[in-house]
Amino acid sequence: MTSERSAGIIKDLLAAFCDFEAGPEAIGRFFTPDYQQSVDGKVIDLKGFMDHVRALRATLVSIDIEIQQIVSDGVSAATVHVVRAAKRSGEMATVKVVAFYRFDGERIASIDELTHVLEGHAGDRELGSMLSE
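Residues numbered from 1 in each chain as written. Predicted model: local features only at pLDDT ≥ 70, side-chain atom pairs only at ≥ 80, totals over all residues. Heavy atoms only, no water.

Trainee: Help me understand the environment of valine 75 in this model?
Mentor: Within the secondary structure layout, valine 75 lies in the loop between β3 (60-72) and β4 (76-87). With 30 residues separating them along the chain, valine 75 and glycine 105 place their C-alpha atoms 8.0 Å apart. Not counting residues within four places of it along the chain, the set of residues in contact with valine 75 comprises Tyr101, Arg102 and Phe103. (Helix = DSSP H or I, 4+ residues; strand = E, 2+ residues; numbered from the N terminus. Contact = heavy atoms within 4.5 Å.)

This is how it looks when you write it as structure tokens:
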């Protein structure tokens, strides 16, 4: 796969992540069945990630993601992006994310992320890894 194609997949994924009108399944199509994600040391599989998406959509009213940097060699990629989240409570949170992606064909096989809260409460650090209760 070309570096442009893998960067495009990431951009499409992040756009789908921000689209609260689409169901979580619209996001699931970007990942391999054996997908693994590590966020701040917490590891989840594809089922856990889909639960994470549902938990975010229950907690937030919107997400906006600005990609600050993206690099790719076609097999792996990295982004630095800023997530602005509007909570149902009316509060806002801004989180900087550094992420490394590994591809298997046209799908993402793993993501390793570190997050840093730029604006918001200390508890907003959990936005990157929250699951349904």
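Trainee: Help me understand the packing of aromatic side chains, please; the structure alone is not making it clear to me.
Mentor: In this description, a pair of aromatic rings is defined by centroid distance and the angle of the planes. Within the structure shown, the criterion is met by four aromatic pairs. Both rings, one in tyrosine 35 and one in phenylalanine 49, keep their centres 5.6 Å apart while their planes meet at 70 degrees; by these two values the pair is edge-to-face. Here the residue tyrosine 35 occupies a position in strand β1 (residues 31-39), and phenylalanine 49 occupies one in helix α3 (residues 46-59), the gap between them amounting to 14 residues. On the accessibility criterion, tyrosine 35 (0% relative accessible area) is buried. Look at phenylalanine 49 and you get buried, because its relative accessible area is 4%. Clustering of aromatic rings is evident, with ring pairs tying together Phe17, Phe31, Tyr35 and Phe49. The residue whose ring lies beneath arginine 57 is phenylalanine 20, and the NZ or CZ to ring-centre distance is 5.1 Å. (Phe/Tyr/Trp six-rings, centres within 6.5 Å; stacked < 30°, edge-to-face > 60°. Buried < 20%, exposed > 50% of the residue type's maximum accessible area, 1.4 Å probe, protein only. Lys NZ or Arg CZ within 6 Å of the ring centre and 35° of its normal.)

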